[in-house]
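# Structure assessment
Listed below, chain by chain, are the residues.
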Amino acid sequence: MDREDALYIVVGAPFDSTSSFRGGQRFAPYSIRLASSNIESNGYYLRDLYIEDLRIRDEGDIALPPGNASEAVERIRKVTSELVGIDKRLVVIGGEHIITLGVIKGLVDVGIRPCIVVFDAHYDLRWEYMGEKLSHATVMRRILELFPTRIVYIGVRAYDKEEVDLAVSKPLIEEITVGDVNRLGPINIASSIKRFLDGCKHVHITIDMDAYDTAYAPGVSTPEPGGLTPRELLYILHEAIDDRVVSIDIVEVTPPYDCNGITSILAAKTLQEALLTLESKRRRRTGRG
Ligand SMILES: [Mn+2]
């Protein structure tokens, strides 16, 4: 589909240079695309809408320089501002989590300061990590420095003291742990996310695949047991998405550490559900197909 006619643009961001444990996220865009063309195209929570009904264009991968995180962030920023600037919803397939900084910077360039929904086992709020200020472990801290915004974390269960102190001290940060999901159930969690996002004009969603339990998503860079099930995460995602979502990224799949591609398949399913939900809410608002 031509870029002009597309409503949704997909790009890959194959970067993994700041990985501290299990690298290989640069192979994820290829692996997730392969999985996406081999699963059925219907929605998990939706009927009568199929992925082939959506006006999607895949632009391929952004050329990113190995070992140079600041240049990688710059390139992602440029691509994001160009595509979102012509009124497209953007889907970025990482890559490690630092790529989200480029996406947010690109949104800021075109005047969008989104609220951010983060599915992640970690806060990624460190000031620096092993001497690096641009790292998968610092990405949300760098984003906080750009502008004040509402950030809701879902699935957090692994952090250091500096991160939890910072998160607790910021009234604009809401955290929903896996324990909260267990106690309250996905339905109540989804409504509290909706309340928290009340008043946001634009929303960015970032999905770190380690938010899922390692049983469902073993092929991630920094696995943490005790995470969300696909049914929980897909439900919360489905409820959290509405027409204000301008961009989505999915990060941290590392195919070399995956088992039979199950993490890539789940990432493809997650993205597919996100896109179908976004489209169904757009249709509901505009009354058009
Ligand atoms: Mn992360």
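Throughout what follows, the structure given in this document is the object of discussion. (Residues numbered from 1 in each chain as written. Predicted model: local features only at pLDDT ≥ 70, side-chain atom pairs only at ≥ 80, totals over all residues. Heavy atoms only, no water.)

Right, let's get into the side chain of Glu239. Mapped onto the elements of the fold, Glu239 is located in helix H7 (residues 230-240). By relative accessible area, Glu239 is classed as buried at 19%. In contact with Glu239, not counting residues within four places along its chain, are Ala190, Lys194 and Lys281. (Helix = DSSP H or I, 4+ residues; strand = E, 2+ residues; numbered from the N terminus. Buried < 20%, exposed > 50% of the residue type's maximum accessible area, 1.4 Å probe, protein only. Contact = heavy atoms within 4.5 Å.)

Moving on: the state of the cysteines. A full pass over the atoms with the stated rule returns one disulfide. Residue Cys115 pairs covalently with Cys200 via a disulfide, S to S 2.0 Å. With the S-S dihedral at roughly -95°, the linkage between Cys115 and Cys200 falls on the left-handed side. On the criterion of sequence distance, the pair formed by Cys115 in strand S4 (residues 115-119) and Cys200 in the loop between helix H6 (178-196) and strand S7 (203-208) is long-range, its members being 85 residues apart. (Disulfide = S-S within 2.5 Å.)

Moving on: the environment of Val79. On the secondary structure map, Val79 appears in helix H2 (residues 69-85). Its relative accessible area of 23% is what places Val79 among the partly exposed residues. Taking the C-alpha atoms as reference points, Val79 and Gly106, separated by 27 residues in sequence, lie 7.4 Å from one another. Ignoring sequence-local partners within four residues, the contact set of Val79 consists of Val11 and Ile62.

Right, let's get into the side chain of Asp120. Turning to its location among the elements, Asp120 is positioned in the loop between S4 and helix H4 (139-146). With no salt bridge to any partner, buried Asp120 finds its closest opposite charge in Arg157, at an N-O distance of 7.1 Å. Within the local environment of Asp120, its side chain forms a polar contact with the backbone nitrogen of His122, the two atoms lying 2.9 Å apart. Leave out the neighbours within four places in its chain, and Asp120 touches His97, Ile154, Gly155, Val156, Asp208, Asp210 and Ala211. (Lys, Arg positive; Asp, Glu negative; His and termini not counted. Salt bridge = Lys/Arg side-chain N within 4 Å of Asp/Glu carboxyl O. Polar contact = N/O pair within 3.5 Å; in protein donor to acceptor, adjacent residues only side chain to side chain.)

This part covers the coordination of the manganese ion. Here the manganese ion is held by His97 (ND1), Asp120 (OD), Asp124 (OD) and Asp208 (OD), and the distances to it run 2.1 to 2.3 Å. Binding-site remark: the manganese ion is held by donors from one chain whose sequence spacing is H-x22-D-x3-D-x83-D. Here Asp124, found in the loop between S4 and H4, pairs with Asp208, found in strand S7; they are 84 residues apart in sequence, far enough to count as distant. Each member of the pair, Asp124 as well as Asp208, is classed as buried. (Donors = N, O, S within 2.8 Å, 3.2 Å for Na, K, Ca; no water.)

Next up on the list: the pairing of S7. For S7, the tally of buried residues reaches six of six residues, placing the bulk of the element in the interior. Side-chain alternation along S7 places Val203, Ile205 and Ile207 on one buried face and His204, Thr206 and Asp208 on a second face that is also buried. As paired elements, S4 and S7 share five bridges and run parallel to each other. From the neighbouring strand, Ile116 faces S7, where its bridge partner is His204. Alignment of S7 against strand S8 (residues 245-251), held across six bridges, turns out to be parallel. What sits directly across from Val203, in S8, is Val245. (Pairing = 2+ DSSP bridges.)

This brings us to the pairing of strand S1 (residues 8-13). Each regular strand carries side chains that alternate between the two faces of the sheet. The buried fraction of S1 is high, at six of six residues. Across the two faces of S1 the burial is the same, with Tyr8, Val10 and Gly12 and Ile9, Val11 and Ala13 all buried. By the bridge criterion, four bridges tie S1 to strand S2 (residues 56-61) in an arrangement that is parallel. Looking at the pairing, Tyr8 lines up with Ile56 of S2.

A few words on unusual backbone geometry. Trans peptide bonds make up most of the peptide bonds, and negative phi angles are found at most residues other than glycine. Following Gly94, the chain continues into Gly95 via a peptide bond in cis, with omega recorded as 15°. If you trace the backbone, Gly95 turns up in the loop between strand S3 (89-94) and helix H3 (99-109). The phi angle at Asp124 is positive, at roughly 55°, despite the residue not being glycine. Phi at Asn260 takes a positive value of approximately 55°, unusual for a residue other than glycine. Residue position: Asn260 is located in the loop between S8 and helix H8 (262-286).

Turning to the packing of H2 against H3, a few remarks are in order. To characterise two packed helices, one gives the angle between the axes of the helices and the distance between these axes. The N-to-C vectors of H2 and H3 enclose an angle of 40°; their axes lie 7 Å apart at closest approach. Judged by the angle between their axes, H2 and H3 are oblique. Considering the relative orientation of H2 and H3, their crossing is right-handed. In contact with Val73, Ile76, Arg77, Thr80, Ser81 and Val84 of H2, H3 contributes Ile99, Leu101, Gly102, Val103, Lys105, Gly106, Leu107 and Asp109. Its residues assigned to classes, the contact of H2 with H3 comprises seven nonpolar, four polar and three charged. (Axes fitted to C-alpha atoms, helices over the stretch in contact; angles between N-to-C directions. Parallel < 35°, antiparallel > 145°, perpendicular 65-115°, else oblique. Left-handed = near helix turned anticlockwise from the far one by under 90°. Nonpolar A, V, L, I, M, F, W, Y, C, P; charged D, E, K, R; others polar.)

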